[in-house]
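Coordinates in review
As a plain string of letters, each chain reads:
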Amino acid sequence: MQIRRRDFLKASVATGALLATGSGPKMNALAAEKVGASVEVGEKPGQWVASTCQGCTTWCPIEIFVQDGRAVKVRGNQLSKANSGYCCPRGHMLLQQIYDPDRIKVPMKRTNPKKARGEDPRFVPISWDEAMDSIADKIMDLRKSNETHKYLLMRGRYSDHNYLLYDYLTKLIGSPNNISHSAICAEVEKFGAYYTQGYWGYRDYDLDRMKYLIVWGCDPISSNRQVPNAIRKLSIVLNKGTVVAVDPRMNNTAAKAHRWLPIKPSEDGALAVAMAHVILTSGGWHREFVGDFKDGKNRFVAGKTLKEEDFEEKYTNGLVKWWNIELKDKTPKWAAKITGISENTIVEVAKGFAAAAPHCGIWYGPHMQPRGSYAVFCIHALNGLVGAVDNEGGVITYQSAPSSSYPKYDLYQDDIAKAGVKNKKIDQRGTLKFPALNKKPGGGVVTNNVANALLASDPYDIKVAIGYFNNFNFAGTEAGRWDRAMAKVPFFVHIVPMLSEMSQFADIVLPSTLHHSEQWAVVRCAANTYGHTSLQQPVITPLFESKAPETEVVWLLAEKLKAKGFPNIHDYLYNEFKDPETGKNPTNAREFSLFATKIRSQKAWDPAMNADYKGDRVNGWEEFRQKGVINSPKHKPRVLWEKGFPTETKKFEFYSETLKKVLTDHAQKHKVTVDEVLKVTHYEATGEKAFVPHYESPRRHGDRKSYPFDLVDMKSRFNREGRSANLPWYYTFKQCDPGDVVDEDVIQINPVDAAQLGIGDGDMVKVSSVVGSLKVRARLWEGVRPGTVAKCFGQGHWAYGRVATRNFKKFEPRGANFNEIIPDDYDRLSGSTARNGGFTGVRIEKI
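Not measured: the values here are computed from a predicted model.

On to the pairing of strand S28 (residues 773-780), then. Direction of pairing for strand S26 (residues 746-749) relative to S28: parallel, over a ladder of four bridges. Looking at the pairing, Val 746 lines up with Arg 777 of S28. In this sheet, S28 lies alongside strand S27 (residues 764-768) in antiparallel orientation, the contact comprising five bridges. Looking at S28, one finds that Met 764 is bridged to Arg 777. Hairpin connection of S27 to S28: four residues between the antiparallel strands.

Here we come to the packing of helix H10 (residues 268-281) against helix H12 (residues 319-327). Orientation of H10 relative to H12, taken along the N-to-C sense of each, is 125°, at an axis distance of 11 Å. By the criterion of interaxial angle, the relationship of H10 to H12 is oblique. Considering the relative orientation of H10 and H12, their crossing is left-handed. Contact residues: Val 273, Ala 276, His 277, Leu 280 and Thr 281 in H10; Leu 319, Trp 322, Trp 323, Glu 326 and Leu 327 in H12. Considering only residue class, the contact of H10 with H12 consists of seven nonpolar, two polar and one charged.

What follows covers the sheet that holds S27. Picture the strands of a sheet paired through backbone hydrogen bonds; they go either parallel or antiparallel. Strand order around the closed barrel formed by six strands is S25-S29-S26-S28-S27-S34, with mixed pairing between neighbours. Ignoring which end each strand starts from, the neighbouring axes of this sheet average 45° apart. With five bridges joining them, strand S25 (residues 709-714) and strand S29 (residues 788-792) adopt parallel strand pairing. Its bridge partner lying in S29, Asp 710 is registered against Thr 788.

In this structure the tally under the stated criterion is 54 salt bridges. The shortest N-O distance in the salt bridge between Arg 225 and Glu 189 comes to 3.3 Å. Residue Arg 225 is found in the loop between strand S10 (212-216) and helix H8 (227-240), and its partner Glu 189 is found in helix H7 (residues 187-197); the two are separated by 36 residues along the sequence. Here the two residues Arg 225 and Glu 189 agree in accessibility, since each one is buried. In this structure, the salt-bridge partner of Arg 700 is Asp 710, at a minimum N-O distance of 2.9 Å. Separated by 10 residues along the polypeptide, Arg 700 in the loop between helix H28 (674-680) and S25 and Asp 710 in strand S25 bring together distant segments of the chain. When its relative accessible area of 7% is taken as the criterion, Asp 710 is described as buried. Connected through salt bridges with shared partners, the residues Asp 129, Asp 133, Asp 137, Lys 560 and Lys 564 form a single ionic network.

Parameters and conventions
Each chain carries its own residue numbering, running from 1 in the written order of its sequence. Reporting in this predicted model follows two pLDDT cut-offs: at least 70 for local features of residues, and 80 or more for side-chain atom pairs to be given and counted; totals over whole chains, interfaces and linings ignore these cut-offs and use all residues. As a rule here, side-chain values cover all heavy atoms of the structure and leave hydrogens and water aside. Each pair of strands is called paired provided DSSP finds at least two bridges between the two strands. Counting from the N terminus, the helices are DSSP H or I runs at least four residues long and the strands are E runs at least two residues long. All axes here are fitted lines through C-alpha atoms, helices being fitted over the stretch that makes contact, and every angle between N-to-C directions spans 0 to 180 degrees. Convention used here: angles under 35 degrees read as roughly parallel, angles over 145 as roughly antiparallel, angles from 65 to 115 as roughly perpendicular, and any remaining angle as oblique. A crossing counts as left-handed when the near helix is turned anticlockwise from the far one by less than a right angle, and as right-handed when that turn is clockwise. Here, residues are in contact when the closest pair of their heavy atoms is within 4.5 Å. The residue classification treats Ala, Val, Leu, Ile, Met, Phe, Trp, Tyr, Cys and Pro as nonpolar and Asp, Glu, Lys and Arg as charged. All others, Gly included, are polar. Any carboxyl oxygen of Asp or Glu within 4 Å of a side-chain nitrogen of Lys or Arg constitutes a salt bridge here. Each residue is placed in one exposure class: buried if its accessible area under a 1.4 Å probe, protein chains only, is under 20% of its type's maximum, exposed if it is over 50%, and partly exposed if it falls in between.

Written out as structure tokens, the structure is:
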């Protein structure tokens, strides 16, 4: 694919003329053809092949145009109802990811026993056979010493096949330690929906019928999730309704919105409860969902306590109790002083939001703050107050899509493994100080605390670790902890497509295939009121010696373990994973990968397995492989209203009996009170306030005098799950992140603040927190509120590739990774890492 600049300009002029006249039927040949169809482009024939992106957590169905065995173009799957056949910039960037010259090409082993940042591992090439033999030896040593619990699996990006590597392999070896990356990403936002309506997961939005959208603490047309759908549908809401953005920084959505509310960082809960106060005192709640006073009169008056028996609720629980405990005194005047948003604005937005009910919704983001659970609790309660939950034009749960279960592994788990999995998990979830309340005490993960546990050997030490598609040494806050922790692990295997900071501490590095283009897998997700089951397949021949971590690597390791006297894992894979079409047993890693994909997706393609399914239907595996996606039926509104929410009361809970039960269970387990749990975990609530959405003041690191600025961590629309930093396009188009600069890494500072500090646009500055200091270039920009500075996540790699790193041989970073100076803290009720919301105070000095 080569083109000269002059030819490109001539073609652009010609194309413009064709667009203006409407002529040129061959102009959109690539766009017009169906998936699987062959078209002639240039000198070689090509074909669109279906796969899945996974550049964010929407996992969009896509198609990749393959020409002469090479991937040359990307678009959304034309059959997908989640993205309507579109993809966002991340999808297009996967082409550079595939052909990145810095990809790992062969297995490698470490020859330098010393592990430290800046220490050259002195990797040398080895064969897959030697690599798997070494790994199998280490696992067998754990089994011989009855220490299988000292095996650790750390997961990054994954497909449905993660069960095989992340879960089943770990349990068959005999360890409880399968650790997901999810608490570094967004777990806290799920807390709000679960402890009001019983749903732990990301939410979907009926944008086609929505009349008032509040985008709160996220940027759905850039990052967050459902980006292609949000890009396409935001204009619908903008044209026929109202869009409000709540964020300390003007992101892409805020730039398009009718109104931008530049809130003070970490004060989201104050704004939310004040809006609830306005909605109730003005009579704007949705009576059809919430209910009404028995006499029909609005008795919500500021400062006045009410009798619960005077209000008759319908599909909700505890509204008056919430009012009495929290809302009656939380006036917009009170909130204006805290949030920096004027009293009039709070009233106008609250009333406008309620007036659109139930065709309205709040699209909220991670809110990964030390007390973020209660902030999202407050925000999601607003969705309930206006009847937008599970409703037409509102906020809905993900639609499920068909998938089959993997064969059970229980019969292959021996006594050693059964004993090993009973040990405590390494991340300390469920301990008094880490409730991690994903549906139950200890039900969540506390990813970033693994580094602390490794350093302290608490509850024990780890001897063998495997990580795949992850880079916690870069993505974890106070990142230096991960460097010290991974240096302590005696044997670490990293399965990734690119060397990274975490790879520098590996003993063996294995080249991974890329999900979207080089391996067999299936994923399920939802967007645009539809769920989908989407296929990933090798659209090209996998490059170099790369292999799929979740299937091929599992098979190869199982073969080695069998040869060393532990056949259980291989027997499970060989006996149970037969081709559903032929009944054939797998005989090699590639066959196993294909058969596992067929098994997991069988309900999507086998009519006999899912005869009553009301969504898309295909007739067999080959048709599914060609189309690449199965769409669910469209979300049906108000199903949860009628059948009941999966909460303790079967209703939407403003007073959460569900949270009360789980917190009480956690307290009783540790023989303390709920108040003591909240105190240990750094929350302010006591008594009944713990069970209602309420305001908690920010927990900030750094006093205002020494560290006067609030640091806001933002995300780029070009971060492919944090794996874009070595792609030239990431830097070429960086100005598409508002306030950022092409080919630079900058910290955004309001010009008013910069003037007081004597800082000019482009000056180098030193940014210091209580943890440490970094140097970065200043960008003066009015789009960040005064007193706040913003820095984009993604740059500052010291060991990633020739583009991402200024000098790879000397481990010199390009830009600054602010995770290095963000303190290690948590929203402990969810287990989530704290990284958003300005909880990190910083000092800015001109260099």
